[in-house]
Amino acid sequence: MSSAPGFLYGYFCLAGRAAARRSLLLCQRAAAASSALLGLPLLGGARRALRGPSPAAEREAAAATRAGPCGPRRRGYGGMGAVGGGFRPSRVAVVVKTTRYEFEQQRYRYAGLSEEDLKQLLALKGSNYAGLLERHRIHTKNVEHVVDSLRSERIEVRLVKRREYNEETVRWADAIISAGGDGTMLLAASKVFDKFKPVIGVNTDPERSEGHLCLPVRYTHSFPEALQKLYRGEFRWQWRQRIRLYLEGTGINPTPVDLHEQQLSQEQHSRAHINERFQDQRSDISGPHLLPVRALNEVFIGESLSSRENFKSCKPSFKFSLHRASYYEISVDDGPWEKQKSSGLNVCTGTGSKAWSYNINKVTHQAVEEILKIAKKHGSLNMPLNTELIQKVTNDYNESLLYSPEEPKMFFSIREPIVNRVFSSSRQRGFSSKVCVRSRCWDACMVVDGGTSFEFNDGAIASIMIDTEDALCTVLLEE
């Protein structure tokens, strides 16, 4: 979306690469259709489960096979829809979010609270019990709509909650559907490492959830229409790039802590890392270890969960907190190492450029107006300042922070850097293909998509990069 010429050049280069990848996938799907008809085993990315293609679909698939990657494309969908009857899975895993109502029930289950007790407790916390219950019912109704729609098409469905979602479920399914919001989509994607296994998001509570990563809201209530478009190929594949992480150095612990499930406080989070540390065998010095997770949105590195350190006072059972900055060394694109102190480092993908990274770096109309006034005062700006100009400059800058989810590059942001004669920050933000960080922290974490945390303390080194083989296969449908 940037107006910079370099960005446009990168965008069109990306479009060419994406078209080549899509053409490869079309050929694989056409080959899968032919193999399925002949009763042959399906190999590699072509192992799609196809059910009952029509004769017309068979002829189209055969034509696509003969035409090859440069053959004709389906008109009206940019050549990115599936050919030969589109995509028709046999088995689908539906990953369902835990609603706030369910979370509160689970939280106090062991205390033996009745429903009336829970209602009163929520009221004391300022929460609306009736509202939570209503949102839960809306979510449940929409989940049932999705599941019923799938089963009516004779698709085998496995409905799984967060706790039940694992690698075996992913292997079983031809496609994954996340039923929730963006958080559920991130969870569903976190366990999918097959580049050709689609993950499709359905926003089950559109009034309360943004759902940037989900299908358009209309399909929440008309999911059969979405299925028919998948069957007919009236969609396009979107390959969302993801970040992979290598961890090395002294005393590293590659075992993750799941923040989604535990809802940890800072003290609990630190204790969880300590428990994992002693349960695993750890070497003093370790080579690069590829972590078992991929980041769809972003990776954040910083001191503890809240960037705070607790100190005991002379009074019993009393603690006070002081802010602790994150201390580390950073190298961008194999450049020189630079010592930095800041509130942490955020590295995002194109998908994540609309999320936390955007809110870290965006500017306000007020800030732009004040800067332009200073420029005008110094004679560097010879034009009248008005609301239209200020808004245009603000919007252009903020849009330059966004880029395509399919573009294989990252955007790093240093939060609130401390700059003095000891510490510097030559680049506070920018695009990169590789970021390396050496920790000098005492109680730091490397958090992936806000849901998975790794210990990242003094001596640990993280290499953050994108490999196109890690791309997540998602679906785009028209509004």
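Residues numbered from 1 in each chain as written. Predicted model: local features only at pLDDT ≥ 70, side-chain atom pairs only at ≥ 80, totals over all residues. Heavy atoms only, no water.

*Asks:* Provide a residue-level description of the overall build of the protein, including the pertinent values.
*Replies:* If you tally the helices and strands in the protein, you get 14 helices and 21 strands. Out of the 479 residues belonging to the protein, those deemed buried represent 48%. Counting contacts in the protein only where the partners sit at least 6 residues apart, residues at least 24 apart contribute 73% of the total. For the protein, the exposed surface amounts to about 24,100 Å²; the carbon and sulfur share of it is 52%. (Helix = DSSP H or I, 4+ residues; strand = E, 2+ residues; numbered from the N terminus. Buried < 20%, exposed > 50% of the residue type's maximum accessible area, 1.4 Å probe, protein only. Contact = heavy atoms within 4.5 Å. Areas by Shrake-Rupley, 256 points an atom, 1.4 Å probe, with all protein chains shown as cover.)

*Asks:* So what about the packing of aromatic side chains? Which residues, and what values?
*Replies:* Under the defined criterion, the tally for this structure stands at 8 aromatic pairs. With a centroid separation of 5.6 Å and an interplanar angle of 75 degrees, the aromatic rings of Phe-87 and Trp-237 are classed as edge-to-face. A residue pair is termed long-range when its members are at least 10 positions apart, and Phe-87 in the loop between helix H2 (55–67) and strand S1 (91–96) and Trp-237 in strand S5 (residues 236–240) qualify at 150 residues. Trp-237 carries the same exposure label as Phe-87, and that label is buried. Joined through ring pairs, the aromatic side chains of Phe-87, Phe-235 and Trp-237 make up one cluster. (Phe/Tyr/Trp six-rings, centres within 6.5 Å; stacked < 30°, edge-to-face > 60°.)

*Asks:* Which residues make up the environment of Ser-343, and what values do they have?
*Replies:* Inspection of the secondary structure puts Ser-343 in the loop between strand S13 (338–342) and strand S14 (345–348). On the basis of relative accessibility, which here comes to 8%, the residue Ser-343 falls in the buried class. A sequence separation of 42 residues divides Ser-343 from Ile-301, and the C-alpha atoms of the two residues are 9.0 Å apart.

*Asks:* Which residues make up the confidence of the model for the protein, and what values do they have?
*Replies:* The predicted model of the protein averages 79 in pLDDT, with 72% of residues at 70 or higher. Ignoring residues within four places in sequence, the model shows residues 305–321, a span with pLDDT below 50, making 28 contacts including any to other chains. (pLDDT = per-residue confidence, 0-100.)

*Asks:* Which residues make up the sheet that holds strand S3 (residues 175–180), and what values go with them?
*Replies:* Read from one edge to the other, the open sheet built from 4 strands follows the order S2-S1-S3-S4, with strand pairing classed as parallel. Lying at the two open borders of the sheet, with one neighbouring strand each, are strand S2 (156–161) and strand S4 (199–203). Taking the axes of each pair of neighbouring strands and ignoring which way they run, one obtains an average angle of 20 degrees across the sheet. Where S3 lies against S4, 5 bridges are found, and the strand directions are parallel. Opposite Ile-177, over in S4, you have Ile-200 as the bridge partner. (Pairing = 2+ DSSP bridges. Axes fitted to C-alpha atoms, helices over the stretch in contact; angles between N-to-C directions.)

*Asks:* Got a sec to walk through the packing of helix H3 (residues 100–107) against helix H4 (residues 115–124)? Specific residues and values, please.
*Replies:* Where H3 contacts H4, the axes come no closer than 11 Å and their chain directions differ by 110 degrees. On the basis of the axis angle, H3 is roughly perpendicular to H4. Between H3 and H4 the crossing geometry is right-handed. In this structure, H3 uses Arg-100, Tyr-101, Glu-104 and Gln-105 to contact H4, whose residues at the interface are Glu-115, Leu-118 and Leu-122. (Parallel < 35°, antiparallel > 145°, perpendicular 65-115°, else oblique. Left-handed = near helix turned anticlockwise from the far one by under 90°.)

*Asks:* So what's going on with the side chain of Lys-229? Residues and values would help.
*Replies:* Relative to the assigned elements, Lys-229 resides in helix H9 (residues 223–232). By relative accessible area, which is 5% here, Lys-229 ends up buried. Once residues within four sequence positions are removed from consideration, Lys-229 is found in contact with Arg-218, Tyr-219, Glu-234, Phe-235, Leu-477 and Glu-478.

*Asks:* Please provide a residue-by-residue account of the environment of Leu-296, values included.
*Replies:* Following the sequence through the fold, Leu-296 ends up in the loop between strand S8 (285–290) and strand S9 (298–303). According to the relative accessible area criterion, Leu-296 is buried, its value standing at 1%. Considering only alpha carbons, one finds Leu-296 and Gly-352, 56 residues apart in sequence, at a separation of 6.9 Å. Ignoring sequence-local partners within four residues, the contact set of Leu-296 consists of Leu-186, Ala-189, Leu-213, Arg-240, Gln-241, Arg-242, Thr-349, Thr-351, Gly-352, Asp-449 and Leu-472.

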